[in-house]
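Spelled out from the first residue to the last, the chains are:
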Amino acid sequence: MHITSNVPRNDAATSPQDEETARQPLPSWFSGSEYTHRVAADILQYGPIARTTLAQLLGLSQGALSRITSDLLHYGVIEELNPDDPDLSVKKPLPLGFVPKESGGERRGRPQTALQIRKNERTFIGINVRGNSALATALNVSCEKIGESHSIDFEDQNPHQLCKALAELVHACVEDTDRARLSKPVAVGVSIGGHIINDSTVTFAPFLHWDGSVDLASMMTRECGIPTGIFNDLDSLLHYECWFEAGIGIPRFAVVTMGAGLGYSLAQNGQAIDYGDKSYGLIAHTLVDPEGPRCYQGHKGCAECLTNDSIAEQYSLNLGKTASFEDFAHDARHGVPQATQLLNRTCFRLGVFIATVANIAMPQKVIVAGESSFVARMNTESIRKGIESYRHSQAGPVSLEILDDIWDRWACAAASRAISRYMLG
Ligand SMILES: [Zn+2]
């Protein structure tokens, strides 16, 4: 097995190979077989992990695993923990239903020695663009933050101005890694709401109002001097949950996001399901309430009624005067009857939407996220009722998790894409 450790390519942007950069915007840590990359990724996701558990997880013999791990140790990608290392007490969930042999049928016991990723060997930057603002943070290989997050507002949304604004954020994050005495970031992940091809070219970005395709990855790489990948924001969140958070070890789960739009994505075996047209919000016009309001496309009671604009419109109608989504949120928190009524109905409709997702996609878990996920948290009882109204009485309950919308999470999610590209090659 041959592995070569790649030197961080911070100078890639200044190289003349822009075409190459556009095809493969992000570097990888090492060159090796698919299994070598998989072993490294599993150690990142599940580590500290015992060799025996890892071999069982990957279906590899101890010998084959040993050859791979000794290469990874040699190139400084992973490290071996001593039995008394405090990091050994870190427990991450293993895949659902996986029973490690060495723990006698129980969850894995305390391993005697274990492998883990050398998390501070490399650093990354994650940036999320939201409307006319962006937030960035520096992270290590384990997607742990280094320093504080940085945000910036930009008035002009044109790609060049956006690049300049994002470059300022990159600069601030590089200072954070310097202060922490860590190496310079090897890659930047930027996430936006839109359709992106080859992790580089934005072909559709409704919230940025761009006309035509923009090779944002090449522009950013040139501007910042660090290889940059561009990713869809919802896919990135899904990926982050798979690799580092609520989705670890869950074979199939769905994420529904509430906010300016309604988002939906599905992950299978740690990967977002790839479907060329999914960033067009295809599920947002699914029927959730035959008595619901009419959407801009003329459907009655489609899931668009869960978006901020529709909620504002419905609330205005209820009140008989113009009200914003923020007015609704404020009034719902203060128990204003018209707001409570709309809150209950919205949560019930969200439940119906979740039931549709659960019945068709059959995930082990549905995660609700997005900037308006707090609405879901305000009435989970109505969500449950909505789900039950479209589930068979003998069907198991839908496992549901509502995530608080912390903007940091979206920036970390963008970085997680760059990290996985770096790990998997
Ligand atoms: Zn519709």
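Residues numbered from 1 in each chain as written. Predicted model: local features only at pLDDT ≥ 70, side-chain atom pairs only at ≥ 80, totals over all residues. Heavy atoms only, no water.

Visitor: Provide a residue-level description of the overall build of the chain, including the pertinent values.
Guide: Along the backbone of the chain there are 13 helices and 17 strands. Its C-alpha atoms give the chain a radius of gyration of 23 Å, within 12% of the compact-globule value 22 Å for 425 residues. Considered along the principal axes of its C-alpha atoms, the chain spans approximately 70 × 55 × 35 Å. (Helix = DSSP H or I, 4+ residues; strand = E, 2+ residues; numbered from the N terminus. Rg over C-alpha atoms; globule rule 2.2 N^0.38 Å.)

Visitor: Describe the coordination of the zinc ion, with residues and values.
Guide: Six octahedral donors around a metal ideally subtend angles of 90 or 180 degrees, whereas four tetrahedral donors ideally subtend 109.5 degrees. Those protein atoms acting as donors to the zinc ion are His-285 (ND1), Cys-295 (SG), His-299 (ND1) and Cys-302 (SG), and they sit at 2.0 to 2.3 Å. Relative to the metal, the 4 donor atoms surrounding the zinc ion lie at angles of 96 to 132°, and the coordination shape comes out tetrahedral. Mapping the donors of the zinc ion onto the primary sequence gives the spacing H-x9-C-x3-H-x2-C. Within this pair, whereas His-285 is found in the loop between strand E15 (271-272) and helix H8 (308-319), its partner His-299 is found in the loop between E15 and H8, the two being separated by 14 residues in sequence. Given a relative accessible area of 30%, His-299 falls into the partly exposed group. (Donors = N, O, S within 2.8 Å, 3.2 Å for Na, K, Ca; no water. Tetrahedral: all angles 85-135°; square planar, octahedral: opposite > 155°, others 65-115°. Buried < 20%, exposed > 50% of the residue type's maximum accessible area, 1.4 Å probe, protein only.)

Visitor: Give me the sheet that holds strand E16 (residues 365-369): which residues, what numbers.
Guide: Strand order in this open sheet of 5 strands is E15-E14-E13-E16-E17, and the pairing throughout is mixed. Each edge of the open sheet carries a strand with a single partner, namely E15 and strand E17 (400-402). Across 5 bridges, the pairing between strand E13 (residues 252-257) and E16 is parallel. By the bridge assignment, Val-255 is partnered in E16 with Ile-367. (Pairing = 2+ DSSP bridges.)

Visitor: Can you explain the packing of aromatic side chains? Please cite residues and give values.
Guide: Under the counting rule described, the total for this entry stands at 7 aromatic pairs. Judged by centre distance (6.0 Å) and plane angle (45°), the ring pair of Phe-325 and Phe-328 falls under tilted. Note that Phe-325 and Phe-328 are positioned in helix H9 (residues 325-333) at a spacing of 3 residues, about one turn of the helix. Looking at Phe-325, the relative accessible area reads 8%, which means it is buried. Among the residues examined, Phe-328 registers a relative accessible area of 1% and is labelled buried. Between Phe-325 and Phe-374, the ring centres sit 6.2 Å apart and the planes meet at 65°, which makes this aromatic pair edge-to-face. Within this pair, whereas Phe-325 is found in helix H9, its partner Phe-374 is found in helix H11 (residues 373-378), the two being separated by 49 residues in sequence. (Phe/Tyr/Trp six-rings, centres within 6.5 Å; stacked < 30°, edge-to-face > 60°.)

Visitor: Can you tell me about the pairing of strand E10 (residues 201-204), naming the residues and giving the values?
Guide: For a regular strand, side-chain orientation follows a simple rule: the groups alternate between the two sheet faces. The sheet contact formed by strand E9 (residues 195-197) and E10 spans 3 bridges and is antiparallel. Residue Ile-196 lies in a different strand from E10, and its bridge partner there is Val-202. Here E9 hands over to E10 after 3 residues, with Asn-198 in that stretch at a positive phi of 55°. As paired elements, E10 and strand E11 (residues 214-215) share 2 bridges and run antiparallel to each other. Bridge pairing in E11 links Thr-201 to Asp-215.

Visitor: So, the pairing of strand E8 (residues 185-192): which residues are in play, and what are the values?
Guide: Among the 8 residues that make up E8, 8 are buried, leaving the element largely enclosed by the rest of the structure. The pairing of strand E5 (residues 123-130) with E8 spans 6 bridges and is parallel. Its bridge partner lying in E8, Gly-126 is registered against Gly-189. Pairing analysis gives 5 bridges linking E8 to strand E12 (residues 228-232), with the strands arranged parallel. By the bridge assignment for E12, Val-188 is matched with Thr-228.

Visitor: Give a detailed account of the sheet that holds E8, specifying residues and quantitative values.
Guide: Spatially, E7-E6-E5-E8-E12 is the arrangement adopted by the 5 strands of the open sheet, whose pairing is mixed. Edge positions in the sheet fall to strand E7 (145-153) and E12, since each has one partner strand and no second. Between one strand axis and the next, the sheet turns through 20° on average, direction left out of account. In this sheet, strand E6 (residues 133-140) lies alongside E5 in antiparallel orientation, the contact comprising 8 bridges. Residue Ile-125 lies in a different strand from E6, and its bridge partner there is Ala-138. Packed on one face of the sheet, helix H7 (residues 233-244) meets E5, E8 and E12 and runs near 95° to E12. This element, helix H13 (residues 407-424), spans E5, E6, E7, E8 and E12 of the sheet and lies at about 130° to E5. (Axes fitted to C-alpha atoms, helices over the stretch in contact; angles between N-to-C directions. Contact = heavy atoms within 4.5 Å.)

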